[in-house]
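If you want the building blocks of each chain, they are given just below.
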Amino acid sequence: MLIFFRAAALFLLSALLLTCQQTPGSTTGNSTVAVSWELLTNFTSVENGFEARFTLTNKGSETLSDTGWALFFNMAPRPILAHPQSQPGKLQHLNGDWYKLTPNKGFVLKPNTSVEIRYMGTEGVIKETDAPLGLYFVFYDKNGQEERIAQVADYQIQPFTRKEQQLLGKEDLEPIQTPELRYQQNLRASLIAPEQLPRLVPSPVRLTASAGSFALTNTVPIYYGPGLESEARFLAGKLQALTGTTFNLSSGTPAEKGIVLTTSPVQVNEVTKEAYRLGIDSNGIAINGTDAAGVFYGIQSLLALIPTETYLKPAATVSLPFVQVEDAPRFPFRGLHMDVSRNFQTKETVLRFLDLLAFYKINHFLFYTTEDEGWRLEIDGLPELTEVGAQRQHTTGRDTPVLHPAYGSGPTPYEKGKHGSGFYTRADFIEILKYARERHIKVIPEVNFPGHARAAIKAMEARYQRLMKAGKKAEAEEYRLIDPDDRSVYLSAQGYRDNVVCVARESAYHFYEKVVDEIAEMYREAGVPMDVMHAGGDEVPEGAWTRSPMAARLLREHPEIGDPKNLQTYFFRQLVPRLRKRNLTIHGWEEVALLKNPDGSYRANPEFAGGPVVPYIWNNLFDYDLGNRLANAGYPVVLCNVSNFYFDLAYNNDPQEPGLYWAGFVDTRQNWTFAPYNMFWTTYKTAMGKPLGPEFAGKERLKPEARKNILGIEAQLWSETIKGRDMIEYYALPKLIAFAESGWAPERPWESLEDRATREQAIAQGWNVFANTLAQRELPRLARLNGGYNYRLPPPGAFVENGSLKANVEYPGLAIRYTIDGSEPTGQSARYTSPLPARGTVKLKSFDAAGRSSRTTTVAVTTQ
C-alpha cells in the first residue's frame, strides 16, 4: 500500500474537506511529558500473555490531573487485558493498531515527578519494533472538547535484555540470540576460494567456461535485431554507468566485433519462453533469446559476469570471462509482493526495486496499493480515495470518515519523516508501469475486497456525506460500501472492527468495477496490457455480516448461501464474471479458492478449479498441505509459503532485529532452502520453534500430475514494521537473492532426496557455496548496483573459551573488525584473523569488500 507526496494544493483541499467532518485540536509542538516504555515479561499467568509499563515523567510546570488528557499511540494489535492490580491509568484498544491511555480517578502527576502505569495483553512481545510508536497527547477543555495536540518528543524504549523479554513464554523453543549461539551456528560454514564459486546467481541451466577474457570498451558497438532497441538502450545505459563512457547502438547486421542482440527459437530444459543463450569469446558477445525477455535476461547475466571489483571501482575497460551460457527459468512466475499501504514507499523507491527485481530475473510485481490503513492510487472520478484514504491523522472517533493514525504515523498528515500519508498520482503509476515493462516485469494491481477495505470504506463515506449535503442522493449511493445499519461485531486479524464491505450492496460491485476500469485505463495510457487483477479476498473476520439487515435480506432471497460466513464466497462468485467480462485472469489469496466448513476449517472449492482463478498460498504452517490440496484439485497456484518467503518476518529473535514473527522467523537460508514439490521437507519449525515432522503424517502430498499447476513462487513484503527506503531494502536483501535462486535455477539435486540425513547434508553443502557467493560477490556489488542498496550483513558470532575470544561469520568471505576500547569498529579497525586474549569489552562487526558493515556484536569479558 503506497503513499506518495501530493502537491500542496491537494493537501489543502483535503484539509478543507476534513474540516467539516471533525474539529480536531491543533498540534502545538511537543509535550512536556516524557514517556518511557518497557516490556516487563512474556511469562505471565495468562497463556501467551505479556505485561508492560509506561512511565510518564512531568518535565513541565503544570500538574497533570485525572481529567483533560489522553495519550494516543500505535502498537502491534494485541487484545488488552485487565491488570490484576489497580493502576493510575488504563489502556483501551480503539481500532486496528490504535490505542489510548487515559487516567483513572485520583491520577496526579506533579512537575518533576514520575508515574508508572502497567498493563497486560495477549500475544507476547519480543521486538523493539513492537513497542508503542507515534505517541501524542490530546488535551481537552472542561467540556471535553479537544483543545491541543502535543507529540511526545522525549520517548525511550527500554532494551530487551532478559529471557522473559526475549522469548514468547514457556512454550517458546527458539534459542535466544547471543554471540555464542551465532558462533556455534556459524561453525557450519567454511571459506571457499573465489574461483570455486558459481559465476551467476540465479544459477543458469548450463554454463561452460574456457580460458581467456574479452576486453569490453566503448569501442565495442551494440548491435540489435528487430524489436530489441529497448533492450539495447538498457544495456548501453548500464555499461555507461559502469565505465563512464558512451556505447554506440546500431540496428541490423553486425559490421564488426561487438555485442550482438538477436531473437530466434531457443529451448533449454524444454522451456522456450524467456530462454536465452549467451556467448563470450574472442569474437565478441552474442545474446540470443527466444523473445525479448530472454534477451533481457541474457543482458542481466552479462552484467552479472562483470567482476564485482569493477562495480566497486568503475573502469573504462571491463574484463569478461569466456563463457557459454544456456538458460531458461524453472518457473514462469517469479514474483515479489510489495505492501505500500501500511507504510508508504515513494515512487523512486519502487523504481529502484524494479531494477533490483530485473537484475535477479524476477518478472512479476504484485503492487499492494489498497488496505485498511491507506489507499495509495489516484482514481479519476473518486477523489476521496486519495483525499481521505491516502492520509492518516488524529480523529475524534471511529465513525468519522477519516483514517486514524497507524504504525506510528502520528496525528498530523504528511508530516516529514513519517510514512502514513501519501499516494501515487495517475502519472506516477503510469511511469511505474512503463518502467516495469522496459524491464520485462508484469505489474499486477490488487484491490483487496471484501475485507481489508477500511480506507475505501472511509473514503466513500466522505463522498456519501458530501453528495448528500448537496442533495444528490442517487449519486451519493452510487459507490457506497457499507450497510449503515450493520451492527455486526467482529475483530479482524489486524484488530479492525469496521473493515468489511457490505457484499449485499450492488454499489460495492459497481465501485470495484469503476476502480478496475480506471486502472485499466492507466495501463492503456502506459501502453501495457492488463490481463490480470488480484482481488485479494483474504482474512474476512468471523462475525462479519451477522447483524447486517442488507445481508439478512440477501440470505433470505438466496437460502442456498446458508451461513453469513459463506458471503465471502458469494462476493467472489459475483465478482469473477465481472472481471472475466474485462478479459482478466483473477488472482487472489488462498481464500478465493476455499469454502468454509461449519467448524471454520477450509476445503477446496471446486467451483473455480481449472479456470481463470489463481490462488496464492501462504499458509503452510497452520494448514500444512493446503498448497498441495489446491494444486491437486486443479488450481494453478503461486506458492508464497510463510515459512520461506515472508521477507517481513524477522531474521531471528534478536530484539533489535526488526520484523514480525507471528509465523516464526525467516532468514536468507530459508529463502534458498525450498523444495516446491516436497514442501514438507523444507518446513522445519512451528512459529514457536517446535521441530516439525510427525505433523506431516497423513497430509496430502503433491501428485506428480499436479506439478504443472505450480506456476511459481512469490516473496512477500508486508510493511507494518517497515518505515522508508532503507528499511525495505534491509528487509529484502539478501533474502531476495536466495529467493531468486529458488525461482529461476534448475531443480537442486537435494530437492528429491528421500533420505533426510542425506538431503540435509546436501543442503548444507549447497548453502555453504551460496553463502560464500553472497559474501564474496553479490553483497558488495549491491553497494554500487543502481546507485547502491541498503542490505543486511549478519553480525559476527563470538565465543570465549580458555581465556581466548573466537569469532566467525555466517557468510564466509566477510571480514571481522574489532575494537577493545569501547569504540565502534570501522573499516580501519584491527582485523580479526585468530583468537584474541579475552579481556574487557570487545566490539566486533562484519565488513564486506564494499566497506559496508553489520550491527555490532559486543562481548564483555568479566575477570573472575
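For the structure itself, consult the block above.
Residues numbered from 1 in each chain as written. Predicted model: local features only at pLDDT ≥ 70, side-chain atom pairs only at ≥ 80, totals over all residues. Heavy atoms only, no water.

1. Topic: the overall build of the protein chain
Convention followed: Only runs of H or I of at least four residues qualify as helices and only runs of E of at least two qualify as strands under DSSP, and these elements are numbered from the N terminus. Within these notes, the globule rule equals 2.2 Å times the number of residues to the 0.38 power, and the radius of gyration is based on C-alpha atoms. Each residue is placed in one exposure class: buried if its accessible area under a 1.4 Å probe, protein chains only, is under 20% of its type's maximum, exposed if it is over 50%, and partly exposed if it falls in between. When checking whether two residues touch, look at their non-hydrogen atoms; a contact exists if any pair is within 4.5 Å. Areas reported here follow the Shrake-Rupley algorithm with a probe of radius 1.4 Å; residue values treat only the protein chains shown as occluding. Residues scored as positive are Lys and Arg, those scored as negative are Asp and Glu, and His as well as the terminal groups of each chain are ignored. Charge positions are represented by NZ for Lys, CZ for Arg, CG for Asp and CD for Glu.
When its secondary structure is counted, the protein chain shows 20 helices and 37 strands. The C-alpha atoms of the protein chain give a radius of gyration of 28 Å, which matches the 29 Å a tight globule of 864 residues would have. Within the protein chain, the fraction of its 864 residues that count as buried is 59%. At a minimum sequence separation of 6, the contacts of the protein chain that also span at least 24 residues come to 76%. For the protein chain, the exposed area adds up to about 32,900 Å²; of that, 51% sits on carbon and sulfur atoms. Side chains of the protein chain give 92 positive and 96 negative charges; the mean places of these two sets differ by 2 Å.

2. Brief notes about unusual backbone geometry
Going from V201 to P202, the amide bond is cis rather than trans, its omega being 0°. For the peptide bond that leads from L733 to P734, omega is 15°, which places it in the cis range. Checked against the element boundaries, P734 lands in the loop between α18 (724-732) and α19 (735-744). Even without being a glycine, N48 presents a positive backbone phi close to 60°.

3. Regarding the sheet that holds strand β12 (residues 206-216)
Heads up, the condition is: Strand pairing is assigned whenever DSSP identifies at least 2 bridges connecting the two strands. Orientation is described by lines fitted to C-alpha atoms, with helices fitted over the stretch in contact, and by angles between N-to-C directions that extend from 0 to 180 degrees.
The sheet built from seven strands is open, its strands ordered β12-β18-β16-β17-β15-β13-β14 with mixed pairing. Sheet topology places β12 and β14 (249-251) at the edges, where each strand pairs with a single neighbour. Sheet twist, expressed as the average angle between the axes of neighbouring strands with direction ignored, equals 20°. Pairing geometry for strand β13 (residues 222-224) and β14, over three bridges, is parallel. The residue bridging I222 from the neighbouring strand is L249, located in β14. The strands touched by helix α5 (residues 292-305) within the sheet are β15 (258-263), β16 (276-281), β17 (284-289) and β18 (318-327), with β16 carrying the most contacts at an inclination of about 40°.

4. Quick notes on the packing of helix α9 (residues 426-438) against helix α12 (residues 506-526)
The relative placement of two packed helices comes down to the angle between their axes together with the axis-to-axis distance. Note the cut-off: Working definition: roughly parallel below 35 degrees, roughly antiparallel above 145 degrees, roughly perpendicular at 65 to 115 degrees, and oblique for all remaining angles. The hand of a helix crossing depends on one turn: near helix anticlockwise from the far one by less than a right angle means left-handed, and clockwise means right-handed. Ten residue types, Ala, Val, Leu, Ile, Met, Phe, Trp, Tyr, Cys and Pro, are classed as nonpolar, four, Asp, Glu, Lys and Arg, as charged, and the remainder, Gly among them, as polar.
Here α9 crosses α12 at 55°, and the two axes come no closer than 9 Å. Of the possible angle classes, the one that applies to α9 and α12 is oblique. Regarding α9 and α12, the two cross each other, and that crossing is right-handed. Each of R426, F429, I430, L433, K434 and R437 in α9 lies in contact with α12, whose residues at this interface are I519, E521, M522, Y523, E525 and A526. Residues of the contact of α9 with α12, tallied by class, amount to seven nonpolar, no polar and five charged.

5. Quick word on the pattern of salt bridges
Rule in force here: By definition, a salt bridge exists where a carboxyl oxygen of Asp or Glu is found within 4 Å of a side-chain nitrogen of Lys or Arg.
With the rule as written, the count across this model stands at 56 salt bridges. Salt-bridge contacts for R53 lead to E116; the nearest nitrogen and oxygen are separated by 3.0 Å. Here the residue R53 occupies a position in strand β3 (residues 49-58), and E116 occupies one in strand β8 (residues 114-122), the gap between them amounting to 63 residues. Accessibility expressed as a relative area gives 32% for E116, which makes it partly exposed. The partner of R162 in a salt bridge is E164, and the shortest N-O contact between them spans 2.9 Å. According to the relative accessible area criterion, E164 is partly exposed, its value standing at 26%.

6. Here we look at the packing of aromatic side chains
Here a ring pair, both rings aromatic, is described through the centre-centre distance and the interplanar angle of the planes. So the rule is basically this: Pairing of aromatic rings covers Phe, Tyr and Trp, the last counted by its six-membered ring, and requires centre-to-centre distances within 6.5 Å; plane angles under 30 degrees mean stacked, over 60 mean edge-to-face, and any other angle means tilted.
Scanning the entire structure with this criterion turns up 45 aromatic pairs. Taking 6.2 Å as the distance between ring centres and 40° as the angle between the ring planes, the aromatic pair formed by W672 and F770 counts as tilted. Taken as a pair, W672 in helix α17 (residues 668-672) and F770 in helix α20 (residues 756-782) lie far apart in primary sequence, 98 residues in all. This pair shows no difference in class: W672 is buried, exactly as F770 is. Joined through ring pairs, the aromatic side chains of F344, F365, F367, Y424, F429 and Y523 make up one cluster.

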